[in-house]
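Okay, here's what each chain looks like letter by letter:
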2 protein chains.
Amino acid sequence: ASHATAQRTLAEAFALQSPSMEATAPSVGAGANGSLAAAARAQVGPPTNPMATALLTDQYQFSMAYAYWKAGKHADHAVFDLYFRKNPFGGEFTVFAGLEECIKFIANFKFTEDEISFLQSVMPMCEDAFFDYLRGIDCSDVEVYSIPEGSVVFPKVPLMRVEGPVAVVQLLETPFVNLINYASLVTTNAARHRHVAGKSKVLMEFGLRRAQGPDGAISASKYCFMGGFDATSNVLAGHLFGIPLRGTHSHAYVSSYMSLDEIPDRTLRNKDGSKICKDFVSLVKEWLCKIQAADSLRNVFGDTNQSELAAFASYALAFPSSFLALVDTYDVMRSGIPNFCAVALALHDLGYKASGIRLDSGDLAYLSIETRKVFHAIEKEFNIPGFGKMVITASNDLNEETIDALNKQGHEVDAFGIGTYLVTCYSQAALGCVFKLVEINSRPRIKLSEDVAKVSIPCKKRCFRLYGKEGYPLVDIMIRESEPSPKAGERILCRHPFLESKRAYVVPQHVEELLHCYWPGSSDKPRAELPPLLKIRSRCMQQLEKLRPDHIRRLNPTPYKVSVSAKLYEFIHYLWLNEAPVGELQ
Amino acid sequence: ASHATAQRTLAEAFALQSPSMEATAPSVGAGANGSLAAAARAQVGPPTNPMATALLTDQYQFSMAYAYWKAGKHADHAVFDLYFRKNPFGGEFTVFAGLEECIKFIANFKFTEDEISFLQSVMPMCEDAFFDYLRGIDCSDVEVYSIPEGSVVFPKVPLMRVEGPVAVVQLLETPFVNLINYASLVTTNAARHRHVAGKSKVLMEFGLRRAQGPDGAISASKYCFMGGFDATSNVLAGHLFGIPLRGTHSHAYVSSYMSLDEIPDRTLRNKDGSKICKDFVSLVKEWLCKIQAADSLRNVFGDTNQSELAAFASYALAFPSSFLALVDTYDVMRSGIPNFCAVALALHDLGYKASGIRLDSGDLAYLSIETRKVFHAIEKEFNIPGFGKMVITASNDLNEETIDALNKQGHEVDAFGIGTYLVTCYSQAALGCVFKLVEINSRPRIKLSEDVAKVSIPCKKRCFRLYGKEGYPLVDIMIRESEPSPKAGERILCRHPFLESKRAYVVPQHVEELLHCYWPGSSDKPRAELPPLLKIRSRCMQQLEKLRPDHIRRLNPTPYKVSVSAKLYEFIHYLWLNEAPVGELQ
């Protein structure tokens with residue numbers, strides 16, 4: 001069957017996309033900017049997920065391409081805006097992400113013969129010459145203008161403007177929206193988690209196992225880092241993007257041990273290499289007795305679980321310099337904490353400093369506070385400076401709400417490991433980015449709807465962010481391409497796109513143009529760089545800091561204003577009246 | 001930077017996984033079943049997503065692997081159960097999916113040198129010999145027992161039992177849970193949508209643009225088909241899995257036209273090839289006049305939108321045999337429907353039969369009923385048999401609830417296109433599958449928790465489904481491996497795993513063993529086949545039909561019973577008491 005072949009050849013096809021094999025790939029250059037595009041393609045590299053190929057689109061894009069082609073309309077110059085209508089998670093801001101993957105996608109956009117054959121098989125009614133047309137297309141005639149990745153963005157303002165031959169740009173609609181929607185959603189979710197956790201906490205993304213498929217997980221790791229997380233558990237994401245990795249052991253590791261007899265090699269060299277402890281396990285046992293006998297701790301501890309003690313001791317022998325233990329397999333306060341402390345104290349004797357513990361169940365506020373008390377008591381009892389400051393990590397079904405609740409109750413958690421709710425965006429699993437035609441062959445187009453919020457803003461536009469005296473952004477404004485740009489110090493009327501009464505004069509202190517050329521670029525419109533992930537992450541952090549705090553707060557945030565120029569306002573309403581049929585009440 | 005190289009070499013590495021290049025891949029065969037595994041690997045092929053590589057796991061799996069290796073424990077024989085604790089979407093059933101991808105994953109499980117170097121760079125504290133160990137491992141010593149894909153499954157019963165060297169099986173935990181969680185969740189969601197829509201409706205998955213990343217979309221298409229959908233809009237999924245494709249045109253296509261003058265070639269050959277209509281557009285216009293003049297329709301129609309009429313006529317010229325139009329760009333009843341009918345009637349004159357319409361906004365119950373009335377009126381007015389039965393498709397933010405509401409209101413929709421809510425599993429975006437150690441070196445293990453629902457069921461187990469006289473499944477039962485199987489006609493005591501008072505005697509009419517060997521297989525334990533998608537889909541449909549209806553109904557479904565044998569019950573409670581510390585109230 002053809003689809004079995006497809007699965008097999010998919011893996012082979014990927015090799016062709018690798019820049020290191022660029023030399024053997026067929027040359028592109030069908031469009032006017034052919035050679036430039038080929039160079040740019042080599043520069044940007046292939047999409048992270050090799051499945052992001054030209055077939056990753058909706059069937060109707062091909063139906064439309066054929067209808068356009070049949071009507072000789074396929075090369076009509078179209079302008080599409082990509083935007084969303086509502087901020088997610090009940091908030092008033094969104095972080096834009098996914099741009100780099102879109103640029104990688106179009107840089108490598110080209111149908112293989114295998115893909116053409118497949119399309120022929122599912123569209124047998126189409127003329128052969130149409131498939132020759134598909135064979136020839138790439139994205140060298142497509143232009144992409146975009147807000148930089150990692151920017152804070154708002155509803156209705158185009159995140160991207162994509163221009164080019166209508167049939168080709170239509171084919172890009174679905175993959176672009178796919179690559180932007182989840183990326184922006186999960187980056188925003190991560191930024192919201194960072195906001196509620198505060199700057200001083202360590203945030204780790206632990207979502208691989210619960211994410212929506214392998215690259216639901218891999219993109220989650222990338223974009224959570226972009227949105228302000230510090231690390232991930234996902235090793236492949238670490239490899240692909242250079243994100244710091246974190247992780248210690250699971251409950252299974254603890255329960256895989258039965259007793260201390262299972263540790264064959266008990267020797268451990270001092271950290272400074274000076275001498276060797278011959279029986280680390282006995283040292284641990286001694287410390288456990290001391291802890292149990294200590295006046296300041298006596299009331300807390302009875303017998304501890306020996307499987308757990310063996311697992312901790314064994315783990316410490318493998319990682320003496322970074323010992324971090326999961327303490328809730330049996331009972332946190334009666335077993336996990338004393339066992340951990342015994343091992344940490346034994347390590348201390350040999351010059352090592354344990355890292356801390358992880359809590360994965362129970363009342364995290366209470367347990368973290370009680371654990372901190374024990375750590376402080378041990379610091380005092382045995383005179384171990386710094387023991388009280390041991391890291392406490394928490395990781396049980398956390399989300400914005402639970403972290404907020406922990407903050408209100410008071411807690412002693414230093415680091416949060418967040419999975420399910422973060423990566424699946426559980427509280428709102430989709431962002432509604434759309435891709436709307438705003439102009440064709442220089443004629444503006446509008447999409448009407450009975451729901452005013454769904455009416456599109458027509459025309460090829462330029463977009464600006466106007467800043468006030470205090471440095472905060474005040475309002476975004478869209479203008480027609482032919483209008484002069486707003487200027488710092490000059491008064492401009494900003495109008496709500498649809499509501500006549502909502503308008504305000506603004507004298508911006510500073511004006512920032514939002515859309516930049518990302519593809520393909522030329523001598524007069526240089527291609528904007530795709531910065532490395534770490535730089536995008538910094539941009540995101542800085543943009544959020546620049547925003548007026550009431551736009552970001554969790555409860556009842558203030559909507560940020562989005563406007564159009566007076567000229568664009570007039571034009572929208574002229575076009576609207578022109579297109580809408582006049583009703584007749586019966 | 002190393003991660004830049006990783007992104008480049010990822011694409012190259014994929015080529016090695018392709019079965020067609022098997023000959024050049026390094027031989028595996030490290031374990032006892034080496035050659036068998038290599039043959040099986042060639043047979044099952046690579047994972048659908050080439051990113052599903054051995055690095056797609058949590059960092060802590062490698063920390064644990066190292067600690068096991070340091071303690072000489074890495075080859076200990078471990079048994080893990082993969083299961084979930086609660087059915088999703090407030091229901092009482094789940095469909096198990098993702099098995100084939102898991103088997104493909106382990107069949108190709110092997111570290112490349114590039115991956116080993118990366119691991120060395122992030123775990124500099126580990127001894128070199130450990131990386132030699134990693135270089136040598138594959139999954140030839142791992143055994144996978146699983147419920148067949150597409151089966152209806154219930155909480156606590158292992159979906160899979162994975163056995164083998166503890167360090168290797170731990171590395172599989174994260175990818176297996178990742179590959180099963182979303183697959184089972186979205187298949188279940190699809191099955192629920194099918195259940196509420198009824199067997200007679202056509203269900204199409206339209207989720208590519210809103211899914212969580214490219215393979216969130218591709219897996220959604222695969223698993224929605226498995227769960228009972230008929231088609232997808234996702235072309236790549238059609239190519240990879242042979243799923244039927246559907247899709248016509250968008251609002252942008254409609255608004256890309258300004259007037260009928262934009263149609264250069266207006267000729268259309270009769271369906272039977274007998275003659276050529278020279279001006280299809282005029283024919284359409286004539287029909288529009290006739291419709292507007294018709295007594296039975298006069299009250300409904302005034303002037304229609306000419307952009308829309310042009311777009312419809314042009315689209316019909318490209319697809320005369322399968323004309324399906326999106327009718328809500330301007331106004332459904334005042335413009336879309338009369339324009340559609342005019343084009344459909346013109347097509348009818350030339351021997352073609354239009355397919356129907358799609359509604360993407362507004363009150364779908366009302367609009368579909370009004371549209372049906374018009375179709376019937378036209379059938380009668382112009383004597384066109386079958387016109388009344390034209391397909392009405394609906395596709396605006398649909399989900400289980402809205403389809404249920406439509407059913408209650410009454411509607412005339414024949415086909416549903418469902419996207420966002422289906423593929424992102426919006427009402428519950430994650431399933432909580434876990435992977436728990438139940439035995440190591442033949443010693444049963446238990447994971448305790450203050451929450452009884454989280455206590456694991458220890459021991460290597462066999463699982464059975466017991467059927468009653470009416471053919472319905474009555475109860476699933478787990479027994480210790482050493483116990484005799486339940487037999488048809490023999491009375492057996494089924495106990496709730498944790499609650500002493502809940503137990504019942506059952507005399508099964510028929511007994512089905514649930515777990516089968518899927519990897520690697522041997523002469524005495526033959527490897528169960530991985531059936532094609534269509535067969536898995538049928539299995540799913542059949543299993544749901546076999547279930548007692550009250551387990552499936554949307555409101556207050558009855559929980560299906562899951563039990564353990566008397567022996568296993570005794571053993572769980574013996575182990576529980578043994579491991580749990582005795583508390584002390586203060």
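Residues numbered from 1 in each chain as written. Chains lettered and ligands numbered in written order. Predicted model: local features only at pLDDT ≥ 70, side-chain atom pairs only at ≥ 80, totals over all residues. Heavy atoms only, no water.

- As annotated in an unreviewed UniProt entry, chain A carries the name Nicotinate phosphoribosyltransferase and comes from Aegilops tauschii subsp. strangulata.

1. Examining the side chain of Arg465 of chain A
All names here are of chain A.
- Inspection of the secondary structure puts Arg465 in strand 16 (residues 461-467).
- Judged by relative accessible area, Arg465 falls into the buried class, the value being 3%.
- Here the side chain of Arg465 touches Val152 through a polar contact of 2.9 Å, landing on its backbone oxygen.
- Separated by 2.8 Å, the side chains of Arg465 and Asp476 make a polar contact.
- If near-sequence neighbours (up to four positions away) are discounted, Arg465 is found in contact with Val152, Val153, Phe154, Pro473, Val475, Asp476, His510, Val511, Glu512, Leu514, Gln543 and Tyr560. (Helix = DSSP H or I, 4+ residues; strand = E, 2+ residues; numbered from the N terminus. Buried < 20%, exposed > 50% of the residue type's maximum accessible area, 1.4 Å probe, protein only. Polar contact = N/O pair within 3.5 Å; in protein donor to acceptor, adjacent residues only side chain to side chain. Contact = heavy atoms within 4.5 Å.)

2. As for the interface of chain B and chain A
- Chain B puts 128 residues into the contact, and the matching count from chain A is 127 residues.
- A buried area of about 10,900 Å², summed over both sides, lies between chain B and chain A, and 60% of it is on carbon and sulfur atoms.
- Along the contact surface separating chain B from chain A lie eight salt bridges.
- The residue Arg443 of chain B makes a salt bridge to Glu262 of chain A at a minimum N-O spacing of 3.6 Å. (Buried area = accessible area lost by both parts, 1.4 Å probe. Salt bridge = Lys/Arg side-chain N within 4 Å of Asp/Glu carboxyl O.)

3. Some words on the pairing of strand 11 (residues 356-359) of chain A
Residues and elements named next belong to chain A.
- Pairing analysis gives three bridges linking strand 10 (residues 324-326) to strand 11, with the strands arranged parallel. The residue of strand 11 that forms the bridge with Ala325 is Ile357.
- Once the chain exits strand 10 it traverses helix 13 (residues 332-349) before rejoining the sheet at strand 11, and the crossover so formed is right-handed.
- Where strand 11 and strand 12 (residues 391-394) come together, four bridges link them in parallel fashion. Following the sheet pairing, Arg358 is matched in strand 12 by Thr393. (Pairing = 2+ DSSP bridges. Right-handed = clockwise from strand over helix to strand, strands pointing away.)

4. Description of the sheet that holds strand 11 (residues 356-359) of chain B
- With parallel pairing, six strands are arranged side by side in an open sheet as 7-6-13-12-11-10 (chain B). Strands with a single pairing partner mark the edges of an open sheet, and in this sheet they are strand 7 (231-232) and strand 10 (324-326) of chain B.

5. Here we look at the packing of aromatic side chains
- Scanning the entire structure with this criterion turns up 46 aromatic pairs over all chains.
- Consider the rings of Phe312 of chain A and Phe323 of chain A, whose centres lie 6.3 Å apart with planes at 70°: the pair is edge-to-face. Remark: Phe323 of chain A occurs in the loop between helix 12 (306-318) and strand 10 and Phe312 of chain A occurs in helix 12; sequence separation between them is 11 residues.
- In this structure Phe312 of chain A comes out as buried when scored by relative accessible area, which is 0%.
- Relative to Phe387 of chain B, the ring of Phe375 of chain B lies with its centre 5.7 Å away and its plane at 80°, an arrangement referred to as edge-to-face. Placement of the pair is Phe375 of chain B in helix 14 (residues 364-381) and Phe387 of chain B in the loop between helix 14 and strand 12 (391-394), with a sequence separation of 12 residues.
- Taken together, the aromatic side chains of Tyr66, Tyr68, Trp69, Phe130, Phe131 and Tyr133 of chain A together with Tyr253, Tyr257, Tyr315 and Phe319 of chain B make up a single cluster linked through ring pairs. (Phe/Tyr/Trp six-rings, centres within 6.5 Å; stacked < 30°, edge-to-face > 60°.)

6. Some points on the UniProt feature "domain: Nicotinate/nicotinamide phosphoribosyltransferase" (unreviewed entry) in chain A
- The residues that UniProt annotates with the feature "domain: Nicotinate/nicotinamide phosphoribosyltransferase" (unreviewed entry) are residues 353-454 of chain A.
- End C-alpha atoms of residues 353-454 of chain A are separated by 59 Å, and the span's content is 31% helix alongside 21% strand. (UniProt positions renumbered as here; feature names shortened; annotations may be inferred.)

7. What about the relation of the copies chain B and chain A?
- The two copies are related by a screw motion: chain B maps onto chain A through a turn of 180° and a shift of 0.0 Å along the axis, at an RMSD of 0.1 Å. Overall, the copies show the geometry of a two-fold rotation axis.
- Both copies contact each other with a shared surface, as 99% of the interface residues of chain B are interface residues in chain A too. (Least-squares fit on C-alpha atoms with pLDDT ≥ 70 in both.)

8. Section: the sheet that holds strand 14 (residues 434-440) of chain A
Residues and elements named next belong to chain A.
- A sheet is described by the order of its strands in space; here six strands give the open sequence 15-14-1-5-3-21, paired in antiparallel fashion. Of all the strands in the sheet, just strand 15 (443-444) and strand 21 (516-519) have a single pairing partner and so form its edges.
- For strand 3 (residues 143-146) and strand 21, the ladder comprises three bridges, and the chain directions are antiparallel. Following the sheet pairing, Tyr145 is matched in strand 21 by Cys517.
- Relative to the sheet, helix 4 (residues 99-107) contacts strand 3, strand 5 (160-165) and strand 21, its axis offset from that of strand 21 by approximately 45°. (Axes fitted to C-alpha atoms, helices over the stretch in contact; angles between N-to-C directions.)

9. Concerning the pattern of salt bridges
All names here are of chain A.
- Counting across every chain of the model gives 71 salt bridges over all chains.
- One salt bridge in this structure joins Lys460 and Glu481, with 3.6 Å as the shortest N-O distance. Highlighted residues: Lys460 in the loop between strand 15 and strand 16 and Glu481 in the loop between strand 17 (473-480) and strand 18 (492-495), separated in sequence by 21 residues.
- Looking at Lys460, the relative accessible area reads 14%, which means it is buried.
- One salt bridge in this structure joins Arg495 and Glu570, with 4.0 Å as the shortest N-O distance. With Arg495 in strand 18 and Glu570 in helix 19 (residues 566-579), this pair connects stretches of sequence that are 75 residues apart.

10. Section: helix 5 (residues 113-122) of chain B
- Of the residues making up helix 5 of chain B, those classed as buried are Glu115, Ile116, Phe118 and Leu119 of chain B. Axial view of helix 5 of chain B: buried residues confined to an arc of 160°, hence all on one face. (Arc of directions from axis to C-beta.)

11. Examining the domain arrangement of chain A
- What the domain assignment lists for chain A is domain 1 (2-191 + 429-579) and domain 2 (250-392).
- A straight line from the C-alpha centre of domain 1 of chain A to that of domain 2 of chain A covers 53 Å. (Domains from an automatic or database assignment.)

12. Some remarks on the environment of Asp230 of chain B
Residue and element names in this part refer to chain B.
- Positionally, Asp230 belongs in the loop between helix 8 (214-226) and strand 7.
- Note: C-alpha distance between Asp230 and Lys460 (230 residues apart in sequence) is 39 Å.
- The contact partners of Asp230, leaving out residues within four places of it in the chain, are Arg194, Lys201, Val202, Leu203, Phe225, Pro244 and Arg537.
- Of note is the side chain of Asp230, whose polar atom sits 2.7 Å from the side chain of Arg194.

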